[in-house]
Protein chains: 2
Amino acid sequence: MSDDIRFDLPQGAIPRQWYNVQADLPRPLPPVLHPGTHQPVGPDDLAPLFPMQLIMQEVSQDRWIDIPDEVREIYKLWRPTPLLRARRLEKTLDTPAHIYYKYEGVSPSGSHKLNTATAQAWYNKQEGINGLTTETGAGQWGTALAQACNFFDMECVVYMVRISYEQKPYRRAIMQSFGAGVTPSPSDSTNAGRTILEADPESTGSLGIAISEAVEVAATSGGKHKYSLGSVLNHVLTHQTVIGQEALGQMEIAGEYPDVIVGPTGGGSNFAGIALPFLHQNLTAGRDTKLLGVEPAACPSLTRGVYAYDFGDTVGMTPLLKMYTLGHGFVPPPLHAGGLRYHGMASIICELWDQKLLDMVAIPQLETFAAAITFAKAEGIIAAPEAAHGIAGAIREAQAAREAGDERVILFNLCGHGHFDMSAYDAYLGGELSNYEYPQAEIERAMEALPQVG
Amino acid sequence: MSDDIRFDLPQGAIPRQWYNVQADLPRPLPPVLHPGTHQPVGPDDLAPLFPMQLIMQEVSQDRWIDIPDEVREIYKLWRPTPLLRARRLEKTLDTPAHIYYKYEGVSPSGSHKLNTATAQAWYNKQEGINGLTTETGAGQWGTALAQACNFFDMECVVYMVRISYEQKPYRRAIMQSFGAGVTPSPSDSTNAGRTILEADPESTGSLGIAISEAVEVAATSGGKHKYSLGSVLNHVLTHQTVIGQEALGQMEIAGEYPDVIVGPTGGGSNFAGIALPFLHQNLTAGRDTKLLGVEPAACPSLTRGVYAYDFGDTVGMTPLLKMYTLGHGFVPPPLHAGGLRYHGMASIICELWDQKLLDMVAIPQLETFAAAITFAKAEGIIAAPEAAHGIAGAIREAQAAREAGDERVILFNLCGHGHFDMSAYDAYLGGELSNYEYPQAEIERAMEALPQVG
């Protein structure tokens with residue numbers, strides 16, 4: 001085992017293919033349904049929103065999907081990302097566990113999101129699309145898509161959840177620096193936004209509402225713009241598997257193999273990105289790594305939701321996806337990890353959770369910020385509040401290792417830095433944050449609006 | 001020549017020694033003088049402010065100084081830093097030049113400053129000092145010292161130039177996240193601050209004023225605290241030579257050798273960090289690399305100042321340093337590159353400039369922000385406004401290469417990211433910034449206050 005704390009791969013080791021877990025699922029994913037007919041949607045139904053190559057990836061059963069050279073060239077700006085051993089954190093926690101983290105915050109956009117944004121922009125560009133619309137919560141996704149569109153000289157239209165827009169003016173500025181247009185959501189520029197504002201003029205927004213707005217703008221653009229989603233969909237999760245593939249190689253250099261993989265789950269893409277290549281090893285190479293997703297206690301779609309068909313957005317414009325959901329009308333409290341405020345979860349994650357191939361835990365807000373400060377003081381990095389959920393999960397594992405007296409090897413995905421989230425840290429350090437557990441009755445009320453699928 | 005765009009060194013290649021240019025100077029540095037007697041100061045004069053090992057480094061004539069293991073262990077958290085070829089920028093500029101950049105923004109503090117902060121904190125800790133005081137302008141230095149003190153479990157007291165304190169609330173928050181105390185300067189907590197505020201209650205501050213405050217607090221702490229400076233002094237520049245040493249190795253991997261090295265100059269440390277190891281090659285290995293420092297046109301100490309003894313601070317508490325200076329009473333306009341608002345410059349840089357071993361250019365603010373946006377759109381990285389001066393200098397060189405039709409190899413130091421500087425970008429994109437050239441009469445007036453040294 002090396003004394004190094006960082007395990008670098010050469011640039012030639014950037015993966016040449018994405019891993020598509022659909023090839024290895026014990027049973028296929030439930031079909032996506034048309035919101036009107038409740039019949040499975042075909043490629044043509046999705047064509048107004050997505051380019052055909054991404055639609056094909058969405059349903060592909062191929063285990064490996066080639067990464068286009070032009071995308072890999074852009075990846076070279078920051079990939080392979082570092083994998084480090086958190087030796088100072090181990091000391092702080094006085095744990096026999098070996099804690100490793102994969103750091104996606106070195107990307108120009110500051111998070112893993114650029115892995116898929118780059119791919120999505122490129123596939124759209126190939127099909128002659130010159131602009132993309134999207135939503136963003138914490139701002140990580142909007143920043144990534146703004147950069148990706150800039151790299152391929154495309155327009156970018158971002159609907160930003162209003163609470164984040166107000167809490168994170170620097171996020172707006174960085175997207176604008178790359179030429180994107182940014183509108184706080186709900187806005188009066190779309191029917192979806194106006195509907196929400198009529199019901200609640202003070203709405204702080206949600207990812208679901210912002211999705212409705214971005215989808216509407218693309219769908220009514222006459223083919224000029226398409227829509228781009230930063231998580232949830234199969235092709236998005238597939239693009240993120242560069243993370244786990246690199247981590248496999250880096251753990252080999254470190255001379256260890258993880259007993260536990262930890263990642264935060266909002267829509268599911270960064271957790272999938274690190275976990276799925278290790279799941280592949282579990283399924284095909286006799287490994288038995290625990291794959292632990294961490295969601296916020298204030299938005300517990302996997303641990304307290306139901307597995308049912310629901311809309312991906314709030315207004316009900318998208319196809320129906322079978323997923324663990326709190327109901328598409330669910331508006332979580334304005335917790336500071338804005339990127340985790342989503343009522344549902346990626347189908348792939350839901351199906352794997354339903355098949356007991358994953359573990360899940362919900363952690364309250366204050367514990368995640370405490371974990372982030374502990375990590376920052378040990379390792380120097382200020383994590384995004386979303387990423388802090390992964391840290392908190394890893395720390396729980398490390399504490400369990402201490403209690404059990406075992407040297408378990410923990411690897412977590414530090415999916416982004418928190419440089420644009422300092423107002424959240426300010427609030428935490430100033431004692432202004434609190435935990436929030438949704439009362440069961442409210443969750444049940446939100447679920448009453450689930451579409452009835454026969 | 002490689003097709004890669006990033007040239008990584010293994011962690012074992014982190015330098016084991018700092019390069020001390022004093023061993024190779026054609027003539028020795030002018031002595032530092034006591035502010036009262038105007039006699040050369042000895043180690044004992046500096047002992048109230050600095051630990052003895054740093055004082056010895058300040059005057060050392062040894063070419064190589066061992067990096068303590070404990071410091072190198074901390075360096076491993078982010079070093080070696082990446083060196084990249086900016087191929088997309090080359091295309092944007094349509095230049096035959098090969099443009100490389102060394103990226104120090106990957107450090108936990110976001111800039112090169114942590115290289116010396118870590119070393120300084122450790123040497124202080126070794127001599128039983130449990131706290132450090134300092135000033136910060138842009139906030140890069142304060143963040144670095146806050147982190148370094150945290151790593152070695154020491155107190156950190158930061159005086160932050162008021163204009164930056166107000167423009168950069170997230171900077172304050174990150175320093176506080178690492179446990180530092182942060183006070184806007186001028187403040188009423190010191191005699192120096194009160195003197196300034198009496199003369200100008202609306203003072204937006206300057207690095208010189210903040211230095212006065214931090215020095216006063218350390219000097220009057222009864223030995224409990226010492227003072228730490230983020231640039232200017234010889235030992236600080238020496239610590240930064242890890243940058244250029246790594247770059248030498250990385251350019252070798254890239255299969256090229258730079259014709260021009262570019263770096264921004266505020267106090268001189270990041271420019272020295274990348275340039276001095278290449279100067280060593282110029283002086284001892286027959287190389288002829290142009291070493292180009294870039295200062296802001298609004299604070300042109302090297303290109304418009306005089307080479308004279310002056311105080312390092314504003315109030316006149318520090319020893320006298322011979323340097324190119326605009327006068328210690330000079331208060332530059334509140335340009336957004338706060339880290340470059342210093343009236344003087346490192347003795348080493350001044351002496352090398354006086355000996356015509358360096359080149360210097362002053363670039364106005366608007367050109368630097370335009371360069372930063374061009375760079376960001378090409379390479380994805382939002383640079384600190386200070387670092388943008390290096391980009392602007394590199395772009396000028398690339399344009400000259402296009403005009404001359406030569407393939408010159410340009411290497412610049414991208415000394416930090418601008419994630420905490422988005423308000424400056426906002427102001428630039430909103431058309432609110434302007435250039436500022438100091439009228440000659442004002443510079444001459446500031447110089448009237450230069451101390452008369454016999």
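Because the structure is predicted, anything quoted here is derived from the model rather than measured.

### Some words on unusual backbone geometry
All names here are of chain A.
- The amide bond that connects Arg-79 to the next residue, Pro-80, takes the cis arrangement and shows omega of -10°.
- The residue Pro-80 is located in the loop between α3 (69-75) and β3 (83-85) in this model.
- Cis geometry is found at the peptide bond from Ser-185 to Pro-186, where omega equals 5°.
- Counting through the fold element by element, Pro-186 comes out in the loop between β7 (181-185) and α9 (191-199).

### Points about the sheet that holds strand β7 (residues 181-185) of chain B
All names here are of chain B.
- With respect to topology, four strands assemble into an open sheet ordered β7-β6-β5-β8, the strand pairing being parallel. Edge strands, defined here as strands with exactly one partner in the open sheet, are β7 and β8 (225-227). With strand direction ignored, the average angle separating the axes of adjacent strands in the sheet is 25°.
- Across three bridges, the pairing between strand β5 (residues 131-136) and β8 is parallel. By the bridge assignment for β8, Leu-132 is matched with Lys-226.

### Brief notes about the interface of chain A and chain B
- Taken together, the contacts link 47 residues of chain A with 46 residues of chain B.
- Taken together, the two surfaces of chain A and chain B that pack against each other cover about 3800 Å², and 55% of this comes from carbon and sulfur.
- The tally of links from chain A across to chain B stands at two salt bridges.
- Close ionic contact of B:Arg172 with A:Asp426 constitutes a salt bridge, the shortest N to O distance being 3.1 Å.
- At the boundary of chain A with chain B, the tally comes to 16 residue pairs in polar contact (both at pLDDT 80 or more).
- Looking at the side of chain A that touches chain B, the element that brings in the most residues is helix α8 (residues 169-177) of chain A, giving seven residues.
- Residues that form the side of chain A that touches chain B fall into these classes: 22 nonpolar, eleven polar and 14 charged.

### Side note on the relation of the copies chain A and chain B
- Structural alignment of chain A on chain B gives an RMSD of 0.0 Å, achieved by rotating through 180° and translating 0.0 Å along the axis. Considering both components of the superposition, the chain copies are consistent with a two-fold axis. Using C-alpha coordinates, one finds that chain A approaches the rotation axis most closely at A:His419, a distance of 3.1 Å.

### A look at the side chain of A:Asp24
Residue and element names in this part refer to chain A.
- Note that Asp-24 resides in the loop between β1 (17-19) and α1 (43-46).
- Look at Asp-24 and you get buried, because its relative accessible area is 12%.
- Polar side-chain contacts of Asp-24 include one of 2.6 Å to the side chain of Arg-63.
- Ignoring anything within four residues of it in the chain, the contact list for Asp-24 reads Tyr-19, Arg-63, His-280, Leu-283 and Thr-284.

### Describing the sheet that holds strand β13 (residues 359-363) of chain B
Residue and element names in this part refer to chain B.
- Strand order in this open sheet of six strands is β3-β4-β14-β9-β10-β13, and the pairing throughout is mixed. Lying at the two open borders of the sheet, with one neighbouring strand each, are β3 (83-85) and β13. On average, each strand axis in the sheet is tilted by 25° relative to the strand beside it, whichever way the strands run.
- Strand direction decides the pairing type here: β3 and strand β4 (residues 98-103), joined by three bridges, are antiparallel. Within β4, the position partnered with Arg-85 by the bridge is Tyr-100.
- Strands β4, β9 (260-264), β10 (290-296), β13 and β14 (409-414) of the sheet are contacted by helix α17 (residues 385-404), whose axis makes an angle of about 150° with β9.

### Structural notes on the packing of α9(A) against helix α10 (residues 207-219) of chain A
- Put simply, α9(A) and α10(A) touch, their axes get as near as 7 Å, and they point 145° apart. Taken together, the residues of α10(A) that come into contact with α9(A) (itself represented by A:Asn191, A:Ala192, A:Gly193 and A:Ile196) are A:Ile209, A:Ser212, A:Glu213 and A:Glu216.

### Some thoughts on the confidence of the model for chain A
- Mean pLDDT over chain A stands at 93; residues scoring 70 or higher make up 99%.
- Scored by ipTM, the complex comes to 0.94, with pTM at 0.95.

### A closer look at helix α15 (residues 347-354) of chain B
Residues and elements named next belong to chain B.
- Counting buried residues along α15, six of its eight residues qualify, which places the element largely inside the surrounding structure.
- Looking only at α15, the buried set comprises Ser-347, Ile-348, Ile-349, Cys-350, Glu-351 and Leu-352.
- Looking at the buried residues of α15, the elements they touch are α11 (234-239), α13 (269-284), α14 (301-304), β11 (306-311), β12 (320-325) and β13.
- Lys-356, located one to two residues past α15, shows a positive phi value of around 60°.

### Digging into the packing of α8(A) against helix α18 (residues 422-429) of chain B
- Close contact between α8(A) and α18(B) brings their axes to 9 Å; oriented N to C, the two are set at 50°. With respect to α18(B), the axis of α8(A) lies oblique. In terms of crossing hand, the pair formed by α8(A) and α18(B) is left-handed. Here α8(A) contributes A:Tyr170, A:Arg172, A:Ala173, A:Ile174, A:Gln176 and A:Ser177 to the contact with α18(B), which in turn contributes B:Met422, B:Ser423, B:Tyr425, B:Asp426 and B:Leu429.
- Its residues assigned to classes, the contact of α8(A) with α18(B) shows six nonpolar, three polar and two charged.

### A word on the pairing of β14(B)
Residue and element names in this part refer to chain B.
- Most of β14 sits out of view: six of its six residues are buried.
- Burial along β14 is two-sided: the face carrying Val-409, Leu-411 and Asn-413 and the face carrying Ile-410, Phe-412 and Leu-414 are both buried.
- As paired elements, β9 and β14 share three bridges and run parallel to each other. Bridging from a neighbouring strand, Val-262 pairs with Phe-412 of β14.

About the criteria used
Residues numbered from 1 in each chain as written. Chains lettered and ligands numbered in written order. Predicted model: local features only at pLDDT ≥ 70, side-chain atom pairs only at ≥ 80, totals over all residues. Heavy atoms only, no water. Helix = DSSP H or I, 4+ residues; strand = E, 2+ residues; numbered from the N terminus. Pairing = 2+ DSSP bridges. Axes fitted to C-alpha atoms, helices over the stretch in contact; angles between N-to-C directions. Contact = heavy atoms within 4.5 Å. Buried area = accessible area lost by both parts, 1.4 Å probe. Salt bridge = Lys/Arg side-chain N within 4 Å of Asp/Glu carboxyl O. Polar contact = N/O pair within 3.5 Å; in protein donor to acceptor, adjacent residues only side chain to side chain. Nonpolar A, V, L, I, M, F, W, Y, C, P; charged D, E, K, R; others polar. Least-squares fit on C-alpha atoms with pLDDT ≥ 70 in both. Buried < 20%, exposed > 50% of the residue type's maximum accessible area, 1.4 Å probe, protein only. pLDDT = per-residue confidence, 0-100. Parallel < 35°, antiparallel > 145°, perpendicular 65-115°, else oblique. Left-handed = near helix turned anticlockwise from the far one by under 90°.

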